[in-house]
Amino acid sequence: MHTRENPMPHDAVVIGGSYAGLSAALQLVRARRRVLVIDDGRPRNRFAARAHGVLSNDGRPGFEIAAAARAQVAAYPTAAFRMAEAVDATRIDGGFSVAFADGSRTMGRRLILAHEVEDVLPDLPGVKERWGRTALHCPWCHGYEVGGGPIGVLGRGDHAVQYASVVAEWGQAVLFIDPARLSEDDARVLARRGVIIEPTPVERLEGEAPTLTGAQLVDGRFIPLKAVFVGAHVRQSGGFAERLGCEMTDTPMGRIVKVDAQQQTSQPGVFAAGDLARPAGNITLATTDGMTAAHAAFRSLIEEETA
């Protein structure tokens, strides 16, 4: 156990009570550290009916996985939870101060950012109401359940070709893209993967949402589809990392927090885990990131206490 008393109410404050945040909290409370988990109840995967590819939890609803994890963390006496919206985090002497929407504050010696990111969807009628059901972002998470057949791909940016090539493993991929954007190598790769290139833009998605029957094109044609994979970009929510001065990095999926192999940000005492610190992720990767961040935060506490 640590031997130095500290006036801070928490050794670590974790902003985000989903998989990465709970994983971080579990490691720290098992080290008998005082941890506060702040959760606004809006996990990124709340739109999906079930989580897939999660060892021992394949096909289980995501909220059930998170609820079970939360109960396990809460069983430790040094764990605390606050269901509220954090709106700001600032560095203070000895640690960090986190402000809530109601005007109250809490403090902790270390800060672990593990909150959700926002998926920025294309401005296309029919995507939003199908998001997480038949309008999807991760073929590894949902491709198997589509069950084969025609699958649309709305790729954005330079990663569209790679994205469509991956999606093709789970059905007949139809990539909606201007062929002028494709190089000869791109066209060759898509042909080898059996991807159909559709140059005409989509006007809207059709079907009784969340069901999808196909895509109505701007030229009047209708393309039957069982699902559509959307190369959605992510946007940092809350803005905590940027206001704290953490370095950011741009990826094809959007801007993320820059971290090292230990999930340490460029700011001492601030760690980041989960989707906000990786270009693409899932539950397994998020929990691994959370564990790594917690171990690094713990080591930094030890170093401070023994200096």
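Definitions and cut-offs
Residues numbered from 1 in each chain as written. Predicted model: local features only at pLDDT ≥ 70, side-chain atom pairs only at ≥ 80, totals over all residues. Heavy atoms only, no water. Helix = DSSP H or I, 4+ residues; strand = E, 2+ residues; numbered from the N terminus. Rg over C-alpha atoms; globule rule 2.2 N^0.38 Å. Buried < 20%, exposed > 50% of the residue type's maximum accessible area, 1.4 Å probe, protein only. Contact = heavy atoms within 4.5 Å. Areas by Shrake-Rupley, 256 points an atom, 1.4 Å probe, with all protein chains shown as cover. Lys, Arg positive; Asp, Glu negative; His and termini not counted. Charge placed at Lys NZ, Arg CZ, Asp CG, Glu CD. Domains from an automatic or database assignment. Buried area = accessible area lost by both parts, 1.4 Å probe. Salt bridge = Lys/Arg side-chain N within 4 Å of Asp/Glu carboxyl O. Polar contact = N/O pair within 3.5 Å; in protein donor to acceptor, adjacent residues only side chain to side chain. Nonpolar A, V, L, I, M, F, W, Y, C, P; charged D, E, K, R; others polar. Phe/Tyr/Trp six-rings, centres within 6.5 Å; stacked < 30°, edge-to-face > 60°. Lys NZ or Arg CZ within 6 Å of the ring centre and 35° of its normal. Pairing = 2+ DSSP bridges. Expected span 1.5 Å × (residues − 1). Axes fitted to C-alpha atoms, helices over the stretch in contact; angles between N-to-C directions. Parallel < 35°, antiparallel > 145°, perpendicular 65-115°, else oblique. Left-handed = near helix turned anticlockwise from the far one by under 90°. Core = buried A, V, L, I, M, F, W, Y, C linked by side-chain atoms within 4.5 Å.

Draft legend 1. Expanded view of the overall build of the chain. When helices and strands are counted, the chain shows seven helices and 20 strands. Relative to the globule expectation of 19 Å for 307 residues, the C-alpha radius of gyration of the chain, 22 Å, shows essentially globular dimensions. The principal-axis extents of the C-alpha atoms in the chain amount to approximately 70 × 35 × 35 Å. When each of the 307 residues of the chain is scored for burial, the buried share is 49%. Partitioning the contacts of the chain with sequence separation of at least 6, the portion at a separation of at least 24 is 59%. Entry remark: accessible area of the chain is about 14,600 Å², with carbon and sulfur atoms responsible for 53%. Here the chain holds 33 positive side-chain charges and 36 negative ones, and the gap between their average locations is 5 Å.

Draft legend 2. Up close: the domain arrangement of the chain. Annotation of the chain at the domain level lists domain 1 (10-118 + 233-306) and domain 2 (122-230). Relative placement of domain 1 and domain 2: their C-alpha centres are 32 Å apart. Across the boundary between the two partners, domain 1 contributes ten residues, which contact nine residues of domain 2. Where domain 1 abuts domain 2, roughly 850 Å² becomes buried across the two surfaces, and 56% of that area is made up of carbon and sulfur atoms. The three residues of domain 1 that bury the most area against domain 2 are Phe47, His52 and His233, which together make up 54% of that side's buried surface. Remark: the boundary between domain 1 and domain 2 carries zero salt bridges. At the boundary of domain 1 and domain 2, one finds two residue pairs in polar contact (both at pLDDT 80 or more). Tallied by class, the residues present in the side of domain 1 that touches domain 2 amount to five nonpolar, three polar and two charged.

Draft legend 3. The packing of aromatic side chains, seen in detail. In the structure shown here, the tally under the stated rule is one aromatic pair. Ring plane angle 75° and centroid distance 5.3 Å describe the contact between Trp140 and Trp170, whose orientation is recorded as edge-to-face. Here the residue Trp140 occupies a position in helix 3 (residues 139-146), and Trp170 occupies one in the loop between helix 4 (160-167) and strand 11 (172-176), the gap between them amounting to 30 residues. Over the face of the ring belonging to Phe100 we find Arg82, whose NZ or CZ atom lies 3.7 Å from the ring centre.

Draft legend 4. Molecular detail of the sheet that holds strand 12 (residues 196-198). As summarised here, the arrangement of the five strands in space is 9-16-10-11-12, forming an open sheet in which the pairing is parallel. A single partner strand is all that each edge strand has here, and the edge strands are strand 9 (135-136) and strand 12. Here two bridges tie strand 9 to strand 16 (residues 227-230), and the two strands are oriented parallel to one another. Among the inter-strand pairings, Ala135 is bridged to a residue of strand 16, identified as Val228.

Draft legend 5. Summary view of helix 1 (residues 19-30). Under the 1.5 Å per step criterion, the end-to-end length of helix 1 is 17 Å for twelve residues, consistent within 8% with the ideal 16 Å. Every buried residue of helix 1 is listed here: Tyr19, Ala20, Gly21, Leu22, Ser23, Ala24, Ala25, Leu28 and Val29. Residues of helix 1 that are buried make contact with strand 1 (12-15), strand 2 (35-39), helix 2 (62-74), strand 3 (79-83), strand 7 (110-113) and helix 7 (283-305). In the stretch just after helix 1, Arg32 is the one whose phi turns positive, near 65°.

Draft legend 6. Up close: the sheet that holds strand 6 (residues 105-108). Taken together, the three strands give an open sheet; going across it, the order is 4-5-6, and neighbouring strands pair in antiparallel fashion. A single partner strand is all that each edge strand has here, and the edge strands are strand 4 (86-92) and strand 6. Ignoring which end each strand starts from, the neighbouring axes of this sheet average 20° apart.

Draft legend 7. Quick peek at the packing of helix 1 against helix 7. At their nearest, the axes of helix 1 and helix 7 sit 7 Å apart, and the two run at 40° to each other. With respect to helix 7, the element helix 1 is oriented oblique. Viewed along their axes, helix 1 and helix 7 form a crossing whose handedness is right-handed. Of the residues in helix 7, those touching helix 1 at Tyr19, Ala20, Ser23, Ala24, Gln27 and Leu28 are Ile283, Ala286, Thr287, Gly290, Met291, Ala294, His295 and Phe298. When grouped by side-chain class, the residues that make up the contact of helix 1 with helix 7 number nine nonpolar, five polar and no charged.

Draft legend 8. Main features of the nonpolar core. Within the largest apolar cluster, 27 residues are counted, with the highest numbers of intra-cluster contacts made by Val35 and Ile112. At the level of secondary structure, the elements contributing two or more residues to this core comprise strand 1, helix 1, strand 2, helix 2 and helix 7. Take this core: its biggest share by element is seven residues, from helix 1. Residues in contact with Val35, not counting those within four places in the same chain, are His10, Ala12, Val14, Ala25, Leu28, Val29, Thr78, Ala79 and Ala80.

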